[in-house]
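# Structure at a glance
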Amino acid sequence: MPEVGLHGGQQRRVATGRVALDLSELPDDTWTACPYVAGALPPGGELPPLAPGVPPEALGALLALEQHLGEPVGAIVATELGAENTADAMSAAAALGRPLLDADLAGRAVPELPHSTYHLVGLPIAPLALSTRQGDTLVVPHVASEQRAEDLVRAVSAASGHSVGVADHPLRGRDLRARGALIPGTISAAGRLGRTCREARESGASGEELADVIAAHAGGHVAFRGVVTDYGCALAGGFSRGKVVLRDDAGSRYAIDVQNEFILARRDGALDACVPDLIVLVDESGLPALNPDVEVGRRHSVLVLPAPAPWRTARGLELLGPRSFGYDLDWTPASAASAASTSTTPSAPTA
């Protein structure tokens, strides 16, 4: 992302030629909102086609939210730093000619609507708008809670081919800054990581060397390398849920629980890593592997990266720690978990 030299060099160019706006430059009165897609794609599954004349889901939801507000959304915010939804925010910004903020609500990929820094600081998710691939649009002016918003969106997603566009958290610029609601600099940081990986690949780095580069750049470590021996995910409760199992040359077993994201990992039955830290699979070509793309027989590196600071607080762990997913255990920082010689095997989720 080369600098474009505007406003003291604080803006960055994205692939579309638009710019990612620094939070300090967001005008107080400008509306912001988060367009994204909620749902799950099963292994080998396909989404229903867009009906003729229907815009992409995230963009359709954003347009419906603007109509409800009666004013344009002047800046776009990525709801997470994740494969599709960051791209959806970029795409909506490019389609409308609006800037994308150099920030997001999670600093990582997250599976549920309440997993946001806006929720951490008490900023409202509603009004929110939904748009389906079939051409439906819905506006929800008020919700009883963040969890209620999650339940409603997940229900519409399940009724619409397990995918629905959402635009939520319409907020003025002044509110974002006053509450310290966003994790700043994440879009440009992702660009720097991408550039680092590209340069390493161009210099001849192997897939495993690229995994090392990613781990070092993000302040994490490579926790395991092995071949996928078992993989199974299925749609349940609106999520892709299941398990990935790898074995290394010495016979050690590494099992990862999945709920859209990689949630918890055990090495030979002992806890090795869990949310809110990031568990990342990188395949033998050096590319990240999303859970629908995991294949038995392929070799992967497992990376564990530290969670952004907001998720390591007491409130952050309440929202995104292992207990929030039904595990009867407390978060242990990844480095401490990996270094432990023994550990009690965590019980399975109760829900």
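Anything mentioned here points back to the structure above.
Below, the structure is looked at part by part.

Criteria and cut-off values
- Residues numbered from 1 in each chain as written.
- Predicted model: local features only at pLDDT ≥ 70, side-chain atom pairs only at ≥ 80, totals over all residues.
- Heavy atoms only, no water.
- Phe/Tyr/Trp six-rings, centres within 6.5 Å; stacked < 30°, edge-to-face > 60°.
- Helix = DSSP H or I, 4+ residues; strand = E, 2+ residues; numbered from the N terminus.
- Buried < 20%, exposed > 50% of the residue type's maximum accessible area, 1.4 Å probe, protein only.
- Axes fitted to C-alpha atoms, helices over the stretch in contact; angles between N-to-C directions.
- Parallel < 35°, antiparallel > 145°, perpendicular 65-115°, else oblique.
- Left-handed = near helix turned anticlockwise from the far one by under 90°.
- Contact = heavy atoms within 4.5 Å.
- Salt bridge = Lys/Arg side-chain N within 4 Å of Asp/Glu carboxyl O.
- Pairing = 2+ DSSP bridges.
- Core = buried A, V, L, I, M, F, W, Y, C linked by side-chain atoms within 4.5 Å.

Inspection of every chain in the model, using the stated rule, returns one aromatic pair. Between F224 and Y254, the ring centres sit 4.8 Å apart and the planes meet at 20 degrees, which makes this aromatic pair stacked. On the criterion of sequence distance, the pair formed by F224 in strand β10 (residues 221-236) and Y254 in strand β12 (residues 253-259) is long-range, its members being 30 residues apart. Of the two residues examined, F224 and Y254, each falls in the buried class.

Quick look at the packing of helix α1 (residues 57-69) against helix α2 (residues 83-96) now. At a closest axis distance of 9 Å, the pairing of α1 and α2 adopts a crossing angle of 60 degrees. By the angle between their directions, the pair α1 and α2 is classed as oblique. Viewed along their axes, α1 and α2 form a crossing whose handedness is right-handed. Together, A58, L59, L62 and L63 of α1 and D88, A92, A95 and L96 of α2 make up the contact between the two elements.

Turning next to the pattern of salt bridges. In total, this model carries 18 salt bridges according to the counting rule given. Between R299 and E208 there is a salt bridge, with its nearest N and O atoms 2.7 Å apart. With R299 in strand β16 (residues 299-305) and E208 in helix α7 (residues 207-217), the pair connects residues that are 91 residues apart, well separated along the chain. A relative accessible area of 30% places E208 in the partly exposed class. The closest approach of N and O atoms between R323 and D328, which form a salt bridge, is 3.0 Å. R323 gets classed as partly exposed once you look at its relative accessible area, which sits at 46%. Salt bridges here are not isolated pairs; linked through shared partners, they connect E208, D212, R225 and R299.

What the seven strands build is an open sheet, ordered β14-β13-β12-β11-β10-β16-β15; its pairing is antiparallel. On the outer flanks of this sheet lie β14 (270-274) and β15 (278-283), each paired with one strand and no other. Averaged over all pairs of adjacent strands, the angle between strand axes in this sheet comes to 35 degrees, irrespective of strand direction. Pairing of β12 with strand β13 (residues 261-267) involves six bridges; the strand directions are antiparallel. Across the sheet, the residue bridging to I256 is A265, located in β13.

Attention now goes to unusual backbone geometry. With an omega of 5 degrees, the peptide bond running from A126 to P127 counts as cis. As for its position among the elements, P127 is in the loop between α3 (117-121) and β6 (128-131). Here the residue pair V275 and P276 is connected by a cis peptide bond, since its omega of 10 degrees sits within 30 degrees of zero. With respect to the helices and strands, the residue P276 is situated in the loop between β14 and β15. Positive phi outside glycine occurs at H169, with the angle close to 50 degrees. In this structure, H169 sits in strand β8 (residues 163-172). The residue N260 is not glycine, and still its phi comes out positive at about 65 degrees. As for its position among the elements, N260 is in the loop between β12 and β13.

The pairing of β10 with strand β11 (residues 239-247) spans nine bridges and is classified as antiparallel. Residue pairing in the sheet places D230 in a bridge with V245 of β11. Remark: two residues form the turn of the hairpin made by β10 and β11, two consecutive strands paired antiparallel; G237 in that turn has positive phi of roughly 65 degrees. Sheet topology note: the β11/β12 ladder contains seven bridges and is antiparallel. The residue of β12 that forms the bridge with R247 is R253.

Right, let's get into the environment of T186. Of note, T186 is situated in helix α6 (residues 186-202). On a C-alpha basis, the gap between T186 and R108 in space is 9.2 Å, while along the polypeptide they are 78 residues apart. Ignoring anything within four residues of it in the chain, the contact list for T186 reads L81, D102, A103, D104 and G107.

Let's shift gears to the nonpolar core. If you look at the biggest cluster of nonpolar residues, it comprises 29 residues, and the most contacted ones within it are L101, Y118, L128, V153 and L182. Listed by contribution, the elements that provide at least two residues to this core are β3 (31-39), β4 (75-78), β5 (100-104), β6, α4 (146-158) and β8. With residues up to four places along the chain from it excluded, the contact list for L128 reads L65, L138, V139, V140, V143, V153, V166, A167 and D168. In terms of nonpolar packing, the next biggest core, distinct from the first, is built from 20 residues, V244, I256, V258 and A334 among them.

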